[in-house]
Amino acid sequence: MTVHFIGAGPGAADLITVRGQRILSRAQVCLYAGSLVPADLLATCPPDARLVDTAELTLDEIVAAMTEAHRAGHDVARLCSGDPAVFSAVAEQARRLDAAGVPYEIVPGVPSYAAAAATLRRELTVPTVGQTVILTRTQARSTPMPPGETLAELGRSRATLVLHLAVARTRQIAGELVGHYGADCPVAVVANASRPDEIVLRGTLADIADQVEAHGIRRTAVVIVGAALAADSFPDSYLYSPGRDRSAKRPTGSTG
């Protein structure tokens, strides 16, 4: 009897891993956020599974439900939107499960920023243009950001920025970043990535806030900032270059 934290993906029911789907199909209890997990995905659960919408529950109530199910001898699927590694609140749930002696595992999923990049048909790491992607958020009515992780400080890198939980503050974001990236820096906003009601906005730091406000986007969106979004003149990767020496033996463990 184990709690399985499963990345449910960005929204589309078929953007879940095979492993996650298999676990979900046999879990007797499934906890999910009703506003983020599609009904089509819940249909994968056994017909007699207990489904618990966690949208209105506190953290302690969620952990209590998982602990109770475990002690009753049930496997538990805890669906997390996107991938559990980022902005999933898994850390605090796992800490409580450790204290209660409840075993768990984490099954990765498709993160929302990856789904957004796919929709945009863009690679976020383009040779000589941008090789660093920063996943972050902004602070409003939420947990304070750690020292050194303000948007102004991260913006100094001019790396590709992916902002979660921040679309409602797009105008402020643009104002904080324009000094580092320039007003003409490409920006994309993807709301409800991979879902039927997906919305895609493309613009610059100068005009993206106007677009977001005109479309009334307030949640379930990622904001991507960086030159990689519009790069079209860059050298091919050295990995596949005809000038690369392919006779040399690769170091052990090399993936390049």
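Residues numbered from 1 in each chain as written. Predicted model: local features only at pLDDT ≥ 70, side-chain atom pairs only at ≥ 80, totals over all residues. Heavy atoms only, no water.

- Looking at an unreviewed UniProt entry, the protein chain carries the name Precorrin-4 C(11)-methyltransferase, with the source organism given as Micromonospora craniellae.
- Its UniProt record, at the heading Pathway (unreviewed entry), says of the protein chain: "Cofactor biosynthesis; adenosylcobalamin biosynthesis."
- The annotation that UniProt attaches to the protein chain under Sequence similarities (unreviewed entry) is "Belongs to the precorrin methyltransferase family." (UniProt positions renumbered as here; feature names shortened; annotations may be inferred.)

Focus: the pattern of salt bridges
- Applying the stated criterion to the full structure yields three salt bridges.
- Among the salt bridges present, the one from Asp-60 reaches Arg-96, with a minimum N-O distance of 3.0 Å. Note that Asp-60 is positioned in helix 3 (residues 59-71) and Arg-96 in helix 4 (residues 90-100), a separation of 36 residues in sequence.
- Accessibility expressed as a relative area gives 29% for Arg-96, which makes it partly exposed.
- Across the salt bridge formed by Glu-213 and Arg-171, the nearest N and O atoms sit 2.9 Å from each other. (Salt bridge = Lys/Arg side-chain N within 4 Å of Asp/Glu carboxyl O. Helix = DSSP H or I, 4+ residues; strand = E, 2+ residues; numbered from the N terminus. Buried < 20%, exposed > 50% of the residue type's maximum accessible area, 1.4 Å probe, protein only.)

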